[in-house]
Amino acid sequence: MGKEIVIFDSTLRDGAQGEGISFSVEDKLNITVALDKLGISYIEAGNPASNPKDIEFFERAQLLPLRNSRIAAFGSTRRKNIPVEQDEGCLALLSAGTDTVTIFGKSWDMHVTEILHTTLEENLRMIEDTVRFFIQAGREVIFDAEHFFDGYKHNPSYAIQCLRAAQQAGASVLVLCDTNGGCFPDEVSDIVAAAKEQCPKAVLGIHCHNDVGCAVANSIAAVRAGAVHVQGTYLGFGERCGNATLSTLIPDLQLKLGYSCIPEEQIPNLTKTAHYISEVSNNFVASNLPYVGKSAFAHKGGMHVDGVSKLPDSFEHINPAQVGNERVFLMSEMAGKAAVYSQVRELDETIQKNSPQTKQIVEQLKEMENRGYQFESAAASLQILMLRELGKYRPFFELAYYKLVGEQYSTEKPNRSSAIVKVIVDGKEEITAAEGDGPVHALDSALRKALEVFYPQLADVRLIDYKVRVMEPKQATAAMVRVLIESTDGEHVWTTVGVSQDIINASWLALSDSIEYKLMNDQKRRNRQ
């Protein structure tokens, strides 16, 4: 491994500022444990002066048995014209009890005079006083030079003075922040090199936002110019357009450029950690997110599939297993026999590429997609379809019937639906009723409630996404609809599809496939054991 790069994750602080992100204390503790297990060096967990939730987190985090990570509390320099010992924010930061604190201070003269409404000299004293206060209290101080790149472009001398003030007071790392996220890699490279030349003994870090889509590239440019400390959020979410995405940066630096960011044995856990953090934060891993997204190694075009089947390097920049991901061949009307065959072989090794079964599945796939199915987004339904065509599918339950009743209240009350479902499992019948917020919710609840009698593990399954697409809008209410359902059991995520002119029937087809897929895979795991 090459030169060590310190990774500083700000998911719990900067990431929490992203739209739609709201962590509970338990969420923050769980993510902290996951990042520590991955080997992240620093976890910035919040500002104890901002809300009671962060105060509770820091109290409870002291009990976590962390092995790799240091928790950092985040706060500002003292306010203008106030002794640091009397500044409420600094005192709250001190009370967090963390060994490391991150102090941010202004380094753009415009912000000093127009936002803080103070003098350039007082801002330098604010930086120096605050850093020295925490050093004397026995804390490690990481100084974030807010708006450093814009500040350097407007007044390079003053931006450097801000760094030197923090360095002289004892800051261990000087982090250059592209706070507005508007820089390009060549600018970042030049300015980091200039800062390194003018502060030769300083340890430099980089903190990039993604407002022009360059946060990852800018971070790499900074490392190549001499930064050895990299900040970001694991999945990239954060203020406005987000932060540098660490799930991309870490493998870029470690697998591509030879730096050491986390323990080598943890690299295969990058994808698992991404999906775990996504689940805890009630967010989604973007399908096209490099390395860890479900489409990162997905192939659809016939030529691509054929090439990868013969030689993976022809269309893949790394082996997906290196980061814990997997290769996916997307099934659609564009798929050729090579794509279908690759998946059929996983289900039955005796099938040949030119066998009648392979040809039949290709034809069936194209015919169903012509009717409105979309299997590239519903791999679970595709697997069930293939098993049926191969004669290897044994359903885990049979539907006797379902009945739905909707109730319309006044606008002051929510509308409720009721569902009755009767299923048959190995000759035994079970009938169950459930209420829900709409017919699909009621049907889902009743189905799983009935089947949990036979398969208790279904209690862990829940729907996390439900999409409806009208296929032929001109046919109005008689149009075919496609329903995509994404489900999870807390460990795995899968998608199923149903198509019908009846939205309830389409939903049923997707729901039943979802349950069947879960039970089928549980059985496979038991058989392997």
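Residues numbered from 1 in each chain as written. Predicted model: local features only at pLDDT ≥ 70, side-chain atom pairs only at ≥ 80, totals over all residues. Heavy atoms only, no water.

(A) Structural context of the overall build of the protein chain. A tally of helices and strands in the protein chain yields 17 helices and 16 strands. For the protein chain, the C-alpha atoms occupy an extent of roughly 80 × 60 × 50 Å along the three principal directions. The burial tally for the protein chain puts 53% of its 529 residues in the buried class. If you take every contact in the protein chain between residues at least 6 apart in sequence, the share linking residues at least 24 apart comes to 66%. (Helix = DSSP H or I, 4+ residues; strand = E, 2+ residues; numbered from the N terminus. Buried < 20%, exposed > 50% of the residue type's maximum accessible area, 1.4 Å probe, protein only. Contact = heavy atoms within 4.5 Å.)

(B) The arrangement of the side chain of Arg-482 in detail. In this fold, Arg-482 is placed in strand 15 (residues 481-488). Judged by relative accessible area, which is 9%, Arg-482 ranks as buried.

(C) Main features of unusual backbone geometry. If you check the backbone angles, His-147 has positive phi at about 60° while not being a glycine. When you line up the elements, His-147 lands in the loop between strand 5 (140-146) and helix 6 (148-154).

(D) View of the sheet that holds strand 4 (residues 100-106). Reading around the barrel, the eight strands line up as 1-2-3-4-5-6-7-8 and close back on themselves, with parallel pairing between neighbours. Neighbour to neighbour, the strand axes of the sheet diverge by 25° on average, direction disregarded. Alignment of strand 1 (residues 6-9) against strand 2 (residues 42-44), held across two bridges, turns out to be parallel. In the strand pairing of strand 2, Phe-8 is matched with Tyr-42. Packed on one face of the sheet, helix 3 (residues 88-95) meets strand 3 (70-76) and strand 4 and runs near 175° to strand 3. In the packing of helix 10 (residues 246-256) onto the sheet, the strands contacted are strand 1 and strand 8 (229-232), and the crossing angle to strand 8 comes to about 155°. (Pairing = 2+ DSSP bridges. Axes fitted to C-alpha atoms, helices over the stretch in contact; angles between N-to-C directions.)

(E) Spatial organisation of a nonpolar patch on the surface. Among the surface-exposed residues, Tyr-401, Ile-420 and Ile-431 lie close enough to one another that they form a single nonpolar patch of about 250 Å² accessible area. Summarising the element assignment, Tyr-401 is placed in strand 11 (residues 398-407). (Patch = residues over 30% accessible without salt bridge, like charges linked within 9 Å, V, L, I, M, F, W, Y side chains within 5 Å. Areas by Shrake-Rupley, 256 points an atom, 1.4 Å probe, with all protein chains shown as cover. Salt bridge = Lys/Arg side-chain N within 4 Å of Asp/Glu carboxyl O.)

(F) Region of interest: helix 9 (residues 215-224). Counting buried residues in helix 9 gives eight out of 10 residues, a clear majority hidden from the surface. When we look at burial in helix 9, the residues that qualify are Ala-215, Val-216, Asn-218, Ser-219, Ile-220, Ala-221, Ala-222 and Val-223. Where the residues of helix 9 are buried, they touch strand 6 (173-178), helix 8 (185-198), strand 7 (204-208), strand 8 and helix 10.

(G) Representation of the pairing of strand 6 in the model. The buried count for strand 6 comes to six of six residues, which makes it a mostly enclosed element. Of the pairings in the sheet, the one linking strand 5 to strand 6 comprises four bridges and is parallel in character. Paired with Asp-144 across the strands is Val-175, a residue of strand 6. With five bridges connecting them, strand 6 and strand 7 associate as parallel partners. Among the inter-strand pairings, Val-175 is bridged to a residue of strand 7, identified as Gly-205. Viewed along the sheet, the connection from strand 6 through helix 8 into strand 7 turns out right-handed. (Right-handed = clockwise from strand over helix to strand, strands pointing away.)

(H) Representation of the packing of aromatic side chains in the model. Applying the stated criterion across every chain, the model contains nine aromatic pairs. Their ring planes at 75° and their centres at 5.4 Å tell us that Phe-57 and Phe-58 sit as a pair that is edge-to-face. A relative accessible area of 0% places Phe-57 in the buried class. For Phe-58, a relative accessible area of 3% gives the class buried. (Phe/Tyr/Trp six-rings, centres within 6.5 Å; stacked < 30°, edge-to-face > 60°.)

(I) Quick peek at the packing of helix 8 against helix 9. In contact at an axis separation of 8 Å, helix 8 and helix 9 are set at 30° when each is read in the N-to-C sense. Taken together, the axis directions place helix 8 and helix 9 in an arrangement best described as roughly parallel. Considering only the axes of helix 8 and helix 9, their crossing is right-handed. Where helix 8 approaches helix 9, its residues Pro-185, Val-188, Ser-189 and Val-192 are matched on the opposing element by Ala-217, Asn-218, Ala-221 and Ala-222. Partitioned by chemical class, the residues of the contact of helix 8 with helix 9 number six nonpolar, two polar and no charged. (Parallel < 35°, antiparallel > 145°, perpendicular 65-115°, else oblique. Left-handed = near helix turned anticlockwise from the far one by under 90°. Nonpolar A, V, L, I, M, F, W, Y, C, P; charged D, E, K, R; others polar.)

(J) How the structure looks around the pattern of salt bridges. Taken as a whole and judged by the stated rule, the model has 25 salt bridges. Note that Arg-125 is salt-bridged to Glu-122, the shortest N-O span being 3.1 Å. Placement of the pair is Arg-125 and Glu-122 together in helix 5 (residues 120-136), with a separation of three residues, close to one helical turn. Residue Lys-422 is joined to Glu-429 by a salt bridge in which the shortest nitrogen-to-oxygen separation is 3.2 Å. Ionic contacts of the salt-bridge type, sharing partners, join the residues Arg-78, Glu-122, Arg-125 and Asp-129 into one network.

(K) Highlighting the state of the cysteines. As enumerated under the stated definition, the model contains zero disulfides in all. Cys-208 takes part in no disulfide bond, and the closest cysteine sulfur to it belongs to Cys-183, at a distance of 7.8 Å. (Disulfide = S-S within 2.5 Å.)

(L) Representation of the sheet that holds strand 14 (residues 462-470) within the structure. Here three strands make up an open sheet; going across it, the order is 14-15-16 and the pairing antiparallel. One side of each edge strand has no neighbouring strand; the edge strands of this open sheet are strand 14 and strand 16 (493-500). Direction aside, the axes of adjacent strands within the sheet are offset by 15° on average. Relative to strand 16, strand 15 runs antiparallel, the two being bridged by eight bridges. Its bridge partner lying in strand 16, Ile-485 is registered against Thr-496.

(M) Structural view of helix 3. Among all positions of helix 3, only Cys-90, Ala-92 and Leu-93 are buried. Axial view of helix 3: buried residues confined to an arc of 160°, hence all on one face. Facing away from the buried surface of helix 3 by more than 90 degrees, the exposed residues are Glu-88 and Ser-95. Check the buried side of helix 3 and you find it contacts strand 3, strand 4 and helix 5. One side-chain oxygen at the N-terminal end of helix 3 lies 3.1 Å from the backbone nitrogen of Gly-89; it belongs to Asp-87. Just downstream of helix 3 lies Gly-97, where phi reads positive at about 75°. (Arc of directions from axis to C-beta. Polar contact = N/O pair within 3.5 Å; in protein donor to acceptor, adjacent residues only side chain to side chain.)

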